[in-house]
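Read off the chains here:
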Amino acid sequence: MKNKFNFLLLDFAISSIFRRGSKNIFIFFVFTLLIFLLSSVLFISNSIKSELDTTLNALPDITVQRLQAGRAINIPTSRINKLLAIDGVKAVIPRVWGYYYFANAGVNFSVVGIDKFDDQYKDLYAKLCDKFDFDKLQDKKSMIVGKGVQKILKSNFYNGYFNFIKPDGSLEKLTIAGVFSDDTKLESNDVILLPMEKARDIFGMSKNEAVDFVIKVPNPVEIPNIAKKIRLLYPDCRVITKEDLSISYQNIFDYKSGLFLALFIISAFTFFMIIYDKASGISSDEKKEIGILKAVGWTIDDVLKEKFYEAFVISFISFITALSLAIFYVYFLNAPLLKNIFIGYSSLKPEFDLPFAFDFQTFAIIFFLTVPIYIAATIIPSWKTASLNADEVMR
Amino acid sequence: MMIELKNVTKEFKVGTHDKITALKNVNIHIKKGEVVLLKGPSGSGKSTILSLIAALNKPTSGEVIVDGKRVSKMADNFTSLFRREHIGFIFQKFNLIPTLSAKENVIVPLIPSNPDQEKLNNRLRELFGQFSIKSKMNVIVKNLSGGEQQRVAIARALINNPRIIIADEPTANLDEKLSLEFIKIMRNLKNSNSSIVIASHDPLFFNLDFIDRQIDIHNGAII
Amino acid sequence: MLLTPEIITILTLDFIFAFFGLIAFIISINIVRKWNLNSTTPTQYKLEKQSFLVATIIKYIFIIKLPLFLFFIFTADKLSDIITGAMCAAGVVSSVSFGTSMFVYKILNLYLFGFWLVLNHYDLKKENQPYTRYKFMLYVLGFFLLSIEIYYDISFFTSLDVSKLVSCCGTIFSAASSSSISFIFSINKIYFVYLFYISFTFVLLSYLFKNSIAIFVSNFIYIFIAIISLIMFFGTYIYQLPTHHCPFCLLQKNYYYIGYILYVALYAGTFYGISGAIMSKLEHKPQKFYYNISIIFDIIYALIVSAYPIVYFLRNGVWL
Ligand SMILES: Nc1ncnc2c1ncn2[C@@H]1O[C@H](COP(=O)(O)OP(=O)(O)O)[C@@H](O)[C@H]1O
Ligand SMILES: [Mg+2]
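Residues numbered from 1 in each chain as written. Chains lettered and ligands numbered in written order. Predicted model: local features only at pLDDT ≥ 70, side-chain atom pairs only at ≥ 80, totals over all residues. Heavy atoms only, no water.

Asker: Would you mind going over a nonpolar patch on the surface with me for this structure?
Answerer: Residue and element names in this part refer to chain C. Together, F202, I213, F216, V217, F220, I221, F224 and I228 line one region of the surface with nonpolar side chains, adding up to about 640 Å² of accessible area. Per-element accounting of the nonpolar patch gives the leading share, seven residues, to helix α8 (residues 212-239). Among the secondary structure elements, F202 is positioned in helix α7 (residues 189-209). (Patch = residues over 30% accessible without salt bridge, like charges linked within 9 Å, V, L, I, M, F, W, Y side chains within 5 Å. Areas by Shrake-Rupley, 256 points an atom, 1.4 Å probe, with all protein chains shown as cover. Salt bridge = Lys/Arg side-chain N within 4 Å of Asp/Glu carboxyl O. Helix = DSSP H or I, 4+ residues; strand = E, 2+ residues; numbered from the N terminus.)

Here it is as structure tokens:
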């Protein structure tokens, strides 16, 4: 404020960087790599998070499971009427769903039973109900599958159909009547939609059972109250609200990216040491130069300021470069390699695009986790350089 | 500006135990505007005296007082400020930054004080014109000849309009013609009211008309 | 314990601060004990050089701390999404017993470290370096405060619990709460308006008369009165809700992040006022540069907070 910005000093710092090119290029590369890794991980996790948020929004208001010995068991559909009688409940939808292990490919498919006459607990399924005629599906013994499922089946020579093995060992052949894709790709990639009856057949369930109930409550304020009532009504049931789920998802997620950051801290520490080492190695030329600067009237503070400008310029350029690279890598190339490590669920999952999700906060995190570390690593070496004696020039 | 060395002794540590006594009880008094030649054989302590005046070094005992200020007791950053304001030092080995251009070298002393760009350019033109190296302004210093390098070094020493000009063996790396040239430049500077201290054992300097006083140094003492 | 990227960021920087702060602390102790500008011993020369390392470290910590403090509030604000019951940073911070003192330490340190740099600046202006010993004593104190702050940070983040139900700002900043400030909610709002403008007038007058003690006192009082009147009166106009008293919610996007501007102005104004006043006393000469910056920011703060009720009145024709 008191003085205008010293462009001459900035100029000198920039020329200084270039005059000690090889050392600074090395620092630039290492630093850029570090920022690139960090921002890529954060970008990917942000994207997945926003995918998850979309998924979470589509979650049922209340899910009711029945427990026995701490494990979820099937729930009789006869309970539906009593639940419907609770004030504020708009609909109770029995669900039949589960995982089907396809041994040849070593993957799990999510099998979801759909009943045309029931309310659909997901907009997506409702849309599909309109699009494909489920009555016909039933007759023709067919199913609708996600893109990922289709791909896996194809690679195992199931062209247009699949043989489910039922619990009693008999086969159930279903043909693929349609393939769907959706914007929540993360979640619906491995899904197989079947008529409810077929799903019960495949899982070996009886006609008056469901896996769980999904309850629709139009007024979100009512949700906790209704959940409480259901718990009283059926003490053997676990009642999960949307909010419970979203918190636990959120936690798992933060924990996962937390682990990555912990790894990052280790690499940041390594980086700190590398910079410290590089910055400490003062060549005799540089020693002489500092001697000259101090002999012609630079104070320790001036030299420190110049060193800080150098560090700032390098970090600024690295920062911009790394950020642009990371944006390109994550959002244009769809983060090959890194994405897989990050998601790591079933091998079906990787087929999805990362939606663009970038906010100020991520920017702040990337900044605070990189630039201060770099500057910190240069504090002591810069000070050592700056306090060299001016009589260096007399030798 | 007045320069005073009072009872100055300077020892240099060599290795862990030995020490060299470079100066022994030296007393010098240089008046404002005076041109003084320090002469004496190599190793007699001339450079050491210059570095003490410029506060590049501190005496082991005794005091160095410039313009009433005890530069021998100043902290490191104040000695820098003192040099920035008052001293123009022409070093024996020029001490230019070899990878910078002539112009960049000359402005180095002024960078920390963030001078006005326009004033700076005027001063640069003036100096480079005065030493007829205008065409070399943007040439990297290591590609200049010895004589040109020295003129750049002189320009750098004068950029801050110093009240004390110090030259250490200025002709050591020059041939006779260039040495005479240098002497001419020094003669012109005499009128600028600055004190000038030259250390040299080059006979060319002996008994020059513009030199007010010659001080003979031998083995760290004045004779 | 939560391990969000934000928390890891803050803890990493805390670690760096602790490490470098400790180095500076050790040097400071040495300087306080052995500093003698007249001595020509190698020890003294070494200390002179090391004093620059300390200054550099403190500069580093301070410059990063300023934006990091805002980031801290931002993070607390964001955690309110995950923590049950919390609506903004207030709920998150008050979810631990030492939340308030943690905040006080953070703010105190910002003033202290900033003032250290001012003192350092003056110290290096004069050859006899008159403040050297004091500034290093001050840092010894500063290091203790910094350590406490870091300790609080760590305990804060390790004790955050997503499943624990915390209060939202609506209950913390109300007469019903059991907190120490709850009694003021029973006082008529209008008194806080008087109080604020009296305090602001005091700031203006002390500036006009350039009296260092008055400037010190007026700015010091201004910090507290400004915050209390913001909670009690001006904030309600920012939210346009007579019952919303939170000093944190105004940092959120819904209110165009106005809180950041307000708090930065308040900090800058009072910081320059207080530092300038102390330096004027020490230098026996009014430090006009500091006073000018101080008054500009103090006025900016007053103008912004005043604008809210006035605009509200002009639009609606009534007060809240
Ligand atoms: N930095 C130093 N370390 C050790 N000895 C030195 C140093 N500088 C100068 N000397 C010694 O001090 C004596 C005086 O040197 P100097 O002042 O350079 O002489 P001159 O300039 O007259 O040739 C010489 O013996 C030299 O070796
Ligand atoms: Mg010599």
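Asker: Can you walk me through helix α9 (residues 258-283) of chain C in this structure?
Answerer: Note: α-helices contain 3.6 residues per turn, so residues at a spacing of three or four share the same orientation. Between its terminal C-alpha atoms α9(C) stretches 37 Å, which fits the 38 Å expected from 26 residues at 1.5 Å a residue. The element α9(C) is largely enclosed, with a buried count of 19 among its 26 residues. (Expected span 1.5 Å × (residues − 1). Buried < 20%, exposed > 50% of the residue type's maximum accessible area, 1.4 Å probe, protein only.)

Asker: I would appreciate a short explanation of the interface of chain C and chain A in the present structure.
Answerer: When the parts of a complex come together, some accessible area is lost, and that lost area is often used as the size of the interface. Counting from both sides, the interface comprises 34 residues of chain C and, opposite them, 32 residues of chain A. Put simply, chain C and chain A have one salt bridge between them. In this structure, the salt-bridge partner of D301(A) is K59(C), at a minimum N-O distance of 4.0 Å. Secondary-structure elements contributing two or more residues to the side of chain C that touches chain A are α1 (5-34), α2 (42-82) and α10 (288-316) of chain C. The element contributing the most residues to the side of chain C that touches chain A is α2(C), with 15 residues. The residue makeup of the side of chain C that touches chain A, split by class, is 23 nonpolar, seven polar and four charged. (Contact = heavy atoms within 4.5 Å. Nonpolar A, V, L, I, M, F, W, Y, C, P; charged D, E, K, R; others polar.)

Asker: Would you explain the sheet that holds strand β4 (residues 61-66) of chain B in this entry?
Answerer: All names here are of chain B. With antiparallel pairing, four strands are arranged side by side in an open sheet as β2-β1-β4-β5. Two strands lie at the open edges of the sheet, namely β2 (18-30) and β5 (69-70), each paired on one side alone. The pairing of strand β1 (residues 3-14) with β4 spans five bridges and is antiparallel. The residue bridging K6 from the neighbouring strand is E63, located in β4. (Pairing = 2+ DSSP bridges.)

Asker: Got a minute to help me understand the site of ligand 1 in this structure?
Answerer: As a matter of local geometry, ligand 1 sits amid R395(A), F12(B), A22(B), P41(B), S42(B), G43(B), S44(B), G45(B), K46(B), S47(B) and T48(B). Surrounding ligand 1 are residues belonging to chains A and B, so the site spans chains. Here an oxygen atom of ligand 1 sits 2.7 Å away from a polar atom, N or O, in the main chain of G43(B). At 2.5 Å, a side-chain N or O of S47(B) approaches an oxygen atom of ligand 1. Isolated, ligand 1 exposes 560 Å² of accessible area, and the fraction of that covered by the protein chains is 68%. Looking at the shell around ligand 1, the element that brings in the most residues is helix α1 (residues 46-53) of chain B, giving three residues. Along the lines of polarity and charge, the residues of the shell around ligand 1 split into three nonpolar, six polar and two charged. (Near = heavy atom within 4 Å. Polar contact = N/O pair within 3.5 Å; in protein donor to acceptor, adjacent residues only side chain to side chain.)

Asker: I'm lost on the packing of aromatic side chains in this one. Help?
Answerer: Two descriptors summarise a pair of aromatic rings, namely the distance from one centre to the other and the angle between the planes of the rings. According to the stated counting rule, one finds 73 aromatic pairs over all chains in the structure shown. Taking 4.9 Å as the distance between ring centres and 75 degrees as the angle between the ring planes, the aromatic pair formed by F5(A) and F7(A) counts as edge-to-face. An aromatic cluster is built from F196(C), Y197(C), F200(C), Y222(C), F233(C), F234(C), Y237(C), Y301(C), Y312(C), F313(C) and W319(C), whose rings are joined through pairwise contacts. K173(A) extends its terminal NZ or CZ atom over the ring of Y161(A), reaching a point 4.5 Å from the ring centre. Directly above the aromatic system of F206(B) lies the positively charged group of K39(B), at a separation of 4.3 Å from the ring centroid. (Phe/Tyr/Trp six-rings, centres within 6.5 Å; stacked < 30°, edge-to-face > 60°. Lys NZ or Arg CZ within 6 Å of the ring centre and 35° of its normal.)

Asker: Would you mind showing me how to read the pairing of strand β8 (residues 195-199) of chain B here?
Answerer: Remember that side chains alternate between the two faces of the sheet whenever the strand is regular. Residue and element names in this part refer to chain B. Across the five residues that make up β8, a large majority, five, are buried. In this structure, strand β3 (residues 35-39) lies alongside β8, joined through four bridges in parallel fashion. Among the inter-strand pairings, V36 is bridged to a residue of β8, identified as V197. As defined by bridge partners, strand β7 (residues 164-168) adjoins β8 across five bridges and the pair is classed as parallel. What sits directly across from A167, in β8, is I198. The handedness of the β7 to β8 crossover, carried by helix α6 (residues 176-190), is right-handed. (Right-handed = clockwise from strand over helix to strand, strands pointing away.)

Asker: Can you help me understand the sheet that holds strand β10 (residues 221-222) of chain B in this one?
Answerer: Residues and elements named next belong to chain B. Strand order across the open sheet formed by six strands is β6-β7-β8-β3-β9-β10, with mixed pairing between neighbours. Of all the strands in the sheet, just β6 (87-90) and β10 have a single pairing partner and so form its edges. Looking at chain direction, β3 and strand β9 (residues 213-218) are connected through four bridges and run parallel. Counterpart to L37 in the pairing with β9 is Q214. Across the face of the sheet, α1 comes into contact with β3, β6, β7, β8 and β9 while running at roughly 155 degrees to β7. (Axes fitted to C-alpha atoms, helices over the stretch in contact; angles between N-to-C directions.)

Asker: I tried to follow the confidence of the model for chain B on my own but got confused; where do I start?
Answerer: Where the model shows low pLDDT, its predicted coordinates should not be examined in detail. Model confidence for chain B is summarised by a mean pLDDT of 91, while 100% of its residues fall at 70 or above. Both scores are available for the predicted complex, with the pTM at 0.81 and the ipTM at 0.94. (pLDDT = per-residue confidence, 0-100.)

Asker: Just checking my understanding: could you explain the interface of chain C and chain B for this structure?
Answerer: Opposite the 13 residues of chain C that make contact, chain B presents eight residues. When chain C packs against chain B, close to 880 Å² is buried across both sides, 58% of that on carbon and sulfur atoms. When the buried area of chain C at its contact with chain B is split by residue, Y45(C), E48(C) and E127(C) rank highest and sum to 46% of it. Viewed at the interface, chain B and chain C are joined by one salt bridge. Its salt-bridge partner being K69(B), residue E127(C) comes within 3.7 Å of it at the nearest N-O pair. At the junction of chain C with chain B, the criterion picks out zero residue pairs in polar contact (both at pLDDT 80 or more). (Buried area = accessible area lost by both parts, 1.4 Å probe.)

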